[in-house]
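Structure assessment
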Amino acid sequence: MSIVLVALVAASILYALWKFYRFTANYPPGPFPLPFVGNLHQVDLGSRQFCRFANKFKGLYTVFVPIPTLEITDYSLIKEAFIDHGEDYVERNQLPILDDILTYCKNGGVINSSGDNWREQRRTALSILRDFGMGRNVMEEKIMIANIINEVLFGYLYTLEDCDGLVNFVEEFDDLLQGLASSYLLPLAISFPFIRRVPLLGYYAVDQHADKMRKIHQYVIDNVDRTLKAYDPEAEPRNFVHAYTQRMNGNAFLDQANLIQTCIDFFSAGQETTSTTLRWAMLFLADNQPQQNRLREEIHQTIGRDKLPALADKNNMLYAQATLHEVQRLANILRYNVFRKTHKPTEIAGHKLPAGMTIHADIHYVMWNDPHFVDPKEFLPERYISADGKSLRKDLVDRTIPFSIGRRSCAGEGLARIELFLALTATIQHYRILPMPGRKIDLTQQALFIGGPKDQELTLERV
Ligand code: HEM
């Protein structure tokens, strides 16, 4: 009897293993996965997630974390997927547990929605931003003030003395992202949802993050409510909330829940990203005086010493453009790209991919490892300037992809690029940035979701 039982158990285990490895064989090859945990034990969550195997499997491979995720580490393959076959990869992977933690409404807003609702929310948001003059002079004046997103969305600015709400938001959001990115329990709970119902384990895996996100949601909900109190349907809209509300008439996709989710998305995606990039810019330029001097010379020659930089100046400033590309490439702030999903069976580099596969296009890996960037850890804006000194090198600009690429790339790219250009040129126009006397600049990137520099002081000299 016991021999039969042992044989039965052994047969079941063998069958389960056979099924598991037959399942994994449906995906492009990658590091050998174990049942249940896949490759979770091999990846360094919270730091550099999936690119660990990039040297072994050139260009792309599957990591099971434990859900099968395609890691793409080569620019041409990211382009093949997101541009040449863009429509196949345009969806987000709406995993129920992550949705529970992150989203205010199901399939709402811009960042995490899919299908027709995503198309309509993104189209509406970009159209409102364009109406407010993104890329035109109106926006330039506003951008010179730090909390631009707050003003665009809700129509008011924080003052330096009274910005606790904003600072709390940013800190709490950072904390949440870091917690999500470094948790080993969360990916397990995503694949095995029963974990959420296990006392204590469920709290650490899922509910602690959901609690933090609810507080962040509340901040935005309060702001939307406050802004709506001043809404006048007859008046020209002066902020995003009013403009969106005006467009609700006759458009079934536009409702209160999507408005709040879109504000949450723009608020959370638009703060820390740009300011962290600017912090890096200051450090790179403090550490590289010849480059800083060359940038300042170009600013003084093109704009002068007194006039504020305007977006129209950018086209005449090759070195500033090169500097901005190099800052974004070397700062490389997003240690993870936002995940996508194949929404129908497709192919990449001759490998078949099933519908519903999670896709991670590793823009972070490309910007620090693509062989087109010689000495990739050096700050060399000159690398972007063509041999005749008259234009930018298209091959390098194309591979500099901090905003990702394709139809689902960053919806705030236009705004962020204006912010970065104006803030950087206005600062260097008037100040020389120097290390503190006797100290070296520390350019180590912190292993956080948004990879900022370590806090350090700099010297500013008026020029
Ligand atoms: C230096 C600054 C920024 C960087 C490096 C950055 C980077 C990114 C990246 C890599 C994505 C994912 C794209 C993809 O899935 O392929 C993204 C998405 C997004 N970003 Fe940004 N971003 C920045 C600033 C901003 C700003 C200022 C805003 C808003 C005002 C913003 C709003 C968004 C939104 C709404 C999405 C979701 C787009 C969609 O799913 O359709 N970002 N961003």
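For clarity, every value in this text was computed on a predicted model and none was experimentally measured.

On to the overall build of the chain, then. Scanning the chain from terminus to terminus reveals 17 helices and eight strands. Here the C-alpha atoms of the chain give a radius of gyration of 24 Å, agreeing with the 23 Å that 2.2 N^0.38 yields for 463 residues. Seen through its C-alpha atoms, the chain measures out along the principal axes to roughly 95 × 55 × 45 Å. Relative to its full complement of 463 residues, the chain shows a buried share of 53%. For the chain, contacts bridging at least 24 residues in sequence account for 71% of all contacts bridging at least 6.

A few words now on the nonpolar core. Of all hydrophobic cores here, the largest spans 99 residues; its most connected members are V220, F240, C263 and F267. For this core, the leading source of residues is helix α9 (residues 201–229), giving nine residues. Beyond its immediate chain neighbours, meaning those up to four positions away, V220 contacts F154, F169, I260, C263, I264 and F267. Judged by nonpolar contacts, the second largest core, of 21 residues, contains F64, L70, A361 and I363.

We now examine the packing of aromatic side chains. Applying the stated criterion to the full structure yields 18 aromatic pairs. Centroid distance F53 to Y61: 6.0 Å. Interplanar angle 85 degrees. Geometry classified as edge-to-face. Judged by relative accessible area, F53 falls into the buried class, the value being 10%. When the ring of F284 is compared with that of F379, the centres are 5.2 Å apart and the planes differ by 25 degrees; the resulting orientation is stacked. Of this pair, F284 sits in helix α12 (residues 272–287) while F379 sits in the loop between α15 (363–369) and α16 (394–399), placing them 95 residues apart in sequence. Among the aromatic residues, those joined into a ring-pair cluster are F20, Y21 and F32. Above the ring of W368, the side-chain terminus of K377 is found at 4.1 Å from the ring centroid. Between R462 and the ring centre of Y431, over which it is positioned, the NZ or CZ distance is 5.3 Å.

Attention shifts here to the coordination of the iron atom of the ligand. Geometry sets the ideal angles at a metal, namely 109.5 degrees for four tetrahedral donors and 90 or 180 degrees for six octahedral donors. Just one protein ligand coordinates the iron atom of the ligand, and it is C410 (SG) at 2.3 Å. Here C410 is to be found in the loop between α16 and α17 (413–430).

This part takes up the UniProt feature "binding site: heme" (unreviewed entry) in the chain. Per the UniProt record, the feature "binding site: heme" (unreviewed entry) sits at C410. Looking at C410, the relative accessible area reads 33%, which means it is partly exposed. When sequence neighbours within four positions are dropped, the list of residues in contact with C410 reads R122 and F403.

Each assigned domain of the chain is listed here: domain 1 (95–270) and domain 2 (272–336 + 375–462). With 25 residues of domain 1 at the contact, the number on the domain 2 side is 23 residues. Inspection of the domain 1/domain 2 interface yields five residue pairs in polar contact (both at pLDDT 80 or more). Where the side of domain 1 that touches domain 2 is concerned, the elements lending two or more residues are α4 (115–131), α5 (137–143), α6 (148–154), α7 (164–182) and α11 (256–270). Here the element with the most residues in the side of domain 1 that touches domain 2 is α7; it accounts for five residues. Classifying every residue of the side of domain 1 that touches domain 2 by side-chain character gives 15 nonpolar, six polar and four charged.

We now examine the sheet that holds strand β1 (residues 60–64). Strands sit in the order β1-β2-β6-β3 across an open sheet of four strands; the sheet is mixed. Of all the strands in the sheet, just β1 and β3 (340–341) have a single pairing partner and so form its edges. With two bridges connecting them, β3 and strand β6 (residues 358–361) associate as antiparallel partners. Considered in β6, the bridge of R340 is made with I359.

This part is about the site of the ligand. Not every one of the 28 residues close to the ligand is listed here, only the nearest: W118, R122, R340, S404 and C410. Note that an oxygen atom of the ligand is positioned 2.6 Å from one of the side-chain N or O atoms of R340. Residue R408 places a side-chain N or O atom 2.8 Å away from an oxygen atom belonging to the ligand. Listed by contribution, the elements that provide at least two residues to the shell around the ligand are α4, α11, α12 and α17.

What follows is about the side chain of T103. Position of T103 relative to the elements: it lies in the loop between α3 (96–102) and α4. According to the relative accessible area criterion, T103 is buried, its value standing at 14%. Within the local environment of T103, its side chain forms a polar contact with the backbone oxygen of D99, the two atoms lying 2.7 Å apart.

Take the pairing of strand β2 (residues 68–72) next. Of all the five residues making up β2, five are buried; the element is thus mostly covered by neighbouring parts of the structure. Because side chains alternate across β2, one face comprises the buried residues P68, L70 and I72, and the other comprises T69 and E71, equally buried. Following β1, the chain reverses through three residues before pairing antiparallel with β2. By the bridge criterion, four bridges tie β2 to β6 in an arrangement that is parallel. Each residue of the ladder has a partner; that of L70, found in β6, is I359.

Basis of the calculations
Along every chain, residues carry numbers that run from 1 in the direction the sequence is written. For this predicted model, a pLDDT threshold of at least 70 governs which residues receive local features, and a threshold of 80 or more governs which side-chain atom pairs are given and counted, while totals over whole chains, interfaces and linings are taken from all residues. To obtain the side-chain values, all non-hydrogen atoms of the structure were used and water was disregarded. Runs of H or I in DSSP of at least four residues are treated as helices and runs of E of at least two as strands, each being numbered from the N terminus. Taken over C-alpha atoms, the radius of gyration is set against a globule rule of 2.2 Å times the number of residues to the power 0.38. Three labels apply to residues, based on accessible area from a 1.4 Å probe with only protein chains included: buried if under 20% of the type maximum, exposed if over 50%, partly exposed otherwise in between. Working rule for contacts: check all heavy atoms of both residues, and any pair within 4.5 Å makes them a contact. We call a set of buried residues a nonpolar core when its members are Ala, Val, Leu, Ile, Met, Phe, Trp, Tyr or Cys and they connect through side-chain atoms within 4.5 Å of each other. Here the aromatic set is Phe, Tyr and Trp, taking the six-membered ring for Trp, and pairing holds for ring centres within 6.5 Å; pairs whose planes are under 30 degrees apart are stacked, those over 60 apart are edge-to-face, and all others are tilted. In this scheme, the term charge over a ring applies when either NZ of a lysine or CZ of an arginine sits within 6 Å of the ring centre and within 35 degrees of the ring normal. Metal sites are built from N, O and S donor atoms within 2.8 Å, or 3.2 Å for Na, K and Ca, and they leave out water, so they may look incomplete. UniProt positions are given in the numbering used here, feature names are shortened, and annotations may be inferred rather than shown by experiment. Start and end positions for the domains come from either an automated domain assignment or a database one. In protein, a polar contact requires one atom able to donate a hydrogen and another able to accept it; more generally it is a pair of N or O atoms within 3.5 Å, and residues adjacent in sequence count only if both atoms are side-chain atoms. Classification used: nonpolar for Ala, Val, Leu, Ile, Met, Phe, Trp, Tyr, Cys and Pro, charged for Asp, Glu, Lys and Arg, polar for all others including Gly. Here, any two strands with at least 2 DSSP bridges between them count as paired. Any residue with a heavy atom positioned within 4 Å of a molecule or strand is treated as near that molecule or strand.

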